[in-house]
Amino acid sequence: MKLPESVKICEVGLRDGLQNEKDQDGNPLVLKTEDKVEILKGLIDAGYKVIEVGSFMHPKKVPQMADTDEVVKKIGEVPADVELRALIPNVRGVQRAIECGCKKVKLNVSASRMHNLKNLNRTPEESVAGFADCVKLSKENNIAISGSISMPFASPWEGRTPVEDVDAIIEAYLKVGINEISLSDASGMAVPNQVYDLCEHVIKKYPDATWWLHFHNTRGVAMANILAAMQAGMTQFDSSFGGLGGCPFVPGAAGNISSEDVIHMLDESGIKTGIDVLKVMAISRKVSELVGHKLDSYVLRAGRSKDLIGTQG
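These notes cover the structure that comes with them. (Residues numbered from 1 in each chain as written. Predicted model: local features only at pLDDT ≥ 70, side-chain atom pairs only at ≥ 80, totals over all residues. Heavy atoms only, no water.)

## Remarks on the overall build of the protein
- Of the regular secondary structure elements, the protein holds 13 helices and 10 strands.
- A compact globule built from 313 residues would reach a C-alpha radius of gyration of about 20 Å, and the protein, at 19 Å, matches this within 12%.
- Taking the principal axes of the C-alpha coordinates as reference, the protein spans close to 65 × 45 × 40 Å.
- Out of the 313 residues belonging to the protein, those deemed buried represent 54%. (Helix = DSSP H or I, 4+ residues; strand = E, 2+ residues; numbered from the N terminus. Rg over C-alpha atoms; globule rule 2.2 N^0.38 Å. Buried < 20%, exposed > 50% of the residue type's maximum accessible area, 1.4 Å probe, protein only.)

Here you go:
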């Protein structure tokens, strides 16, 4: 099995992990800004070079993310090699990024035509074409911008996503000037052979694009999907501390693949990430206390493999 010598991991727990948290009464669970800032500082200390710090969605729609602006302001200057990014829905999101000093934003569109039409009354291509103003404003203010494609593998509405539909969205992104693109398995329906084929396809067809992969562990195959993507040549992946998160649009959807599980697997495989898994585990334990429930992480439950060596009688 041919695998890369190193990979880059983006921590998305502060955004994709926390945005769906509810309290015991089913109301949005909103962490204190100070707690988020401490988590962010811990992630930087652990070695992360890319962190999705939150989103600039409307506060009434996603109250868990309402203070993203304050988190960015309070963290202040970060090391030059650390990238903080935030999800945005539109031009107003870019404006909020400008006002608080966030230097990277990410747009999103669904590859599920039915999903996109139901939610936005637009085809995916029409949605991306509408992002041109976001790109213009971002570039005028020296803010980097990327895009993501939800459900490029499959959706609960149409099943397997035709590769032609994915290509159309990629080409729409490239046309408006976005060439860093994330393939996001928000529905958790992808399987390894499909992941390998699509990754190999986009790498060959769009050599000037930069790729991220984002897998949810809804059916327990996210780790296998990461391995398949690496075999195809991908080297950049999202993950969430403790496996926190989930997709609000997909019934029964579990969270993202656990950061410490991914980093541990890579460590044991001799693949460098530059991230201290013990520090990530400590962060996940803290987050578990803050959200009031156990997290979906194998390594938190069982510990690192290397810590068992020599301990058995």
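There's plenty left to go through after this.
## Observations regarding the packing of aromatic side chains
- Overall, the coordinates contain two aromatic pairs when judged by the stated rule.
- Measuring from ring centre to ring centre gives 6.2 Å for Phe-131 and Tyr-173, while their planes differ by 25°; the resulting arrangement is stacked. A residue pair is termed long-range when its members are at least 10 positions apart, and Phe-131 in the loop between helix 6 (124-129) and helix 7 (132-140) and Tyr-173 in helix 8 (residues 163-175) qualify at 42 residues. The same class applies to Phe-131 as to Tyr-173, namely buried.
- Over the ring of Trp-212 we find Arg-85; its NZ or CZ atom is 5.4 Å from the centre of that ring.
- Sitting above the plane of the Tyr-298 ring, Arg-301 keeps its charged end 4.8 Å from the centroid. (Phe/Tyr/Trp six-rings, centres within 6.5 Å; stacked < 30°, edge-to-face > 60°. Lys NZ or Arg CZ within 6 Å of the ring centre and 35° of its normal.)

## Comments concerning the packing of helix 2 (residues 33-46) against helix 3 (residues 68-75)
- Running from N to C, helix 2 and helix 3 cross one another at 55°; their axes reach a closest spacing of 9 Å. Classed by the angle they form, the pair helix 2 and helix 3 counts as oblique. Handedness of the helix 2/helix 3 crossing: right-handed. On helix 3, the residues touching Thr-33, Glu-34, Lys-36, Val-37, Leu-40 and Lys-41 of helix 2 are Glu-70, Val-71, Lys-74 and Ile-75.
- Looking at the contact of helix 2 with helix 3, its residues break down into four nonpolar, one polar and five charged. (Axes fitted to C-alpha atoms, helices over the stretch in contact; angles between N-to-C directions. Parallel < 35°, antiparallel > 145°, perpendicular 65-115°, else oblique. Left-handed = near helix turned anticlockwise from the far one by under 90°. Contact = heavy atoms within 4.5 Å. Nonpolar A, V, L, I, M, F, W, Y, C, P; charged D, E, K, R; others polar.)

## Description of the side chain of Asn-256
- Residue placement: Asn-256 occurs in the loop between strand 10 (236-239) and helix 11 (259-268).
- Here Asp-16 takes part through its side chain, which lies 3.3 Å from a polar atom of the side chain of Asn-256.
- Polar side-chain contacts of Asn-256 include one of 3.1 Å to the side chain of His-216. (Polar contact = N/O pair within 3.5 Å; in protein donor to acceptor, adjacent residues only side chain to side chain.)

## A look at the sheet that holds strand 5 (residues 144-150)
- One closed barrel accounts for eight strands, arranged 1-2-3-4-5-8-9-10; its pairing is parallel. Each strand of the sheet is rotated relative to its neighbour by a mean of 30°, with strand direction disregarded.
- Of the pairings in the sheet, the one linking strand 9 (residues 210-215) to strand 10 comprises two bridges and is parallel in character. Residue pairing in the sheet places Leu-213 in a bridge with Phe-237 of strand 10.
- Docked against the sheet, helix 3 engages strand 2 (50-55) and strand 3 (83-87), running at close to 140° with respect to strand 2. (Pairing = 2+ DSSP bridges.)

## What to know about the pattern of salt bridges
- Using the criterion set out here, one finds 21 salt bridges in the structure.
- Linking Arg-85 and Asp-238 is a salt bridge whose minimum nitrogen-to-oxygen distance equals 3.2 Å. Of this pair, Arg-85 sits in strand 3 while Asp-238 is found in strand 10, placing the two residues 153 residues apart along the sequence.
- With a relative accessible area of 1%, Arg-85 lands in the buried category.
- Notably, a salt bridge pairs Glu-99 with Arg-92, separated by 3.4 Å at the nearest N-O pair.
- Assessed through its relative accessible area of 54%, Glu-99 is described here as exposed.
- One network of salt bridges, in which partners are shared, links Arg-15, Asp-16, Glu-52, Arg-85, Lys-106 and Asp-238. (Salt bridge = Lys/Arg side-chain N within 4 Å of Asp/Glu carboxyl O.)

## Notes on the nonpolar core
- Counting 86 residues, the largest nonpolar core has Tyr-173 and Phe-237 as its most contacted members.
- Other than its neighbours up to four places away in sequence, Phe-237 contacts Val-7, Lys-8, Ile-9, Cys-10, Trp-212, Leu-213, Phe-215, Ile-226, Ala-229 and Met-230. (Core = buried A, V, L, I, M, F, W, Y, C linked by side-chain atoms within 4.5 Å.)

## Details of the side chain of His-214
- Mapped onto the secondary structure, His-214 falls in strand 9.
- A distance of 2.8 Å separates polar atoms of two side chains, one belonging to His-214 and the other to Asn-256.
- Sequence-distant contacts of His-214, defined by excluding residues within four places in its chain, comprise Val-12, Asp-16, Ser-182, Leu-183, Ser-184, Asp-185, Asp-238 and Asn-256.

## Some points on the pairing of strand 9
- With five of six residues buried, strand 9 lies mostly within the body of the structure.
- On the question of chirality, the crossover connecting strand 8 (residues 180-185) to the parallel strand 9 by way of helix 9 (residues 192-205) is right-handed. (Right-handed = clockwise from strand over helix to strand, strands pointing away.)

## Quick look at the state of the cysteines
- A complete count under the given rule lists zero disulfides for this structure.
- Note on Cys-10: no disulfide assigned, nearest cysteine sulfur contributed by Cys-102 at a separation of 12 Å.
- The exposure class of Cys-10 is buried, given its relative accessible area of 0%.
- For the unlinked cysteine Cys-102, the closest cysteine sulfur is that of Cys-100, found at 5.4 Å. (Disulfide = S-S within 2.5 Å.)

## Considering the environment of Ala-111
- Assignment of secondary structure puts Ala-111 in the loop between strand 4 (104-110) and helix 5 (113-120).
- Linking Ala-111 and Lys-49, residues 62 residues apart in sequence, is a C-alpha distance of 28 Å.
- Ignoring any residue separated from it by four or fewer positions in sequence, one finds Ala-111 in contact with Ile-149, Ser-150, Met-151, Pro-152, Thr-161 and Ile-169.

Just geometry here; none of it tells us what the structure is for.
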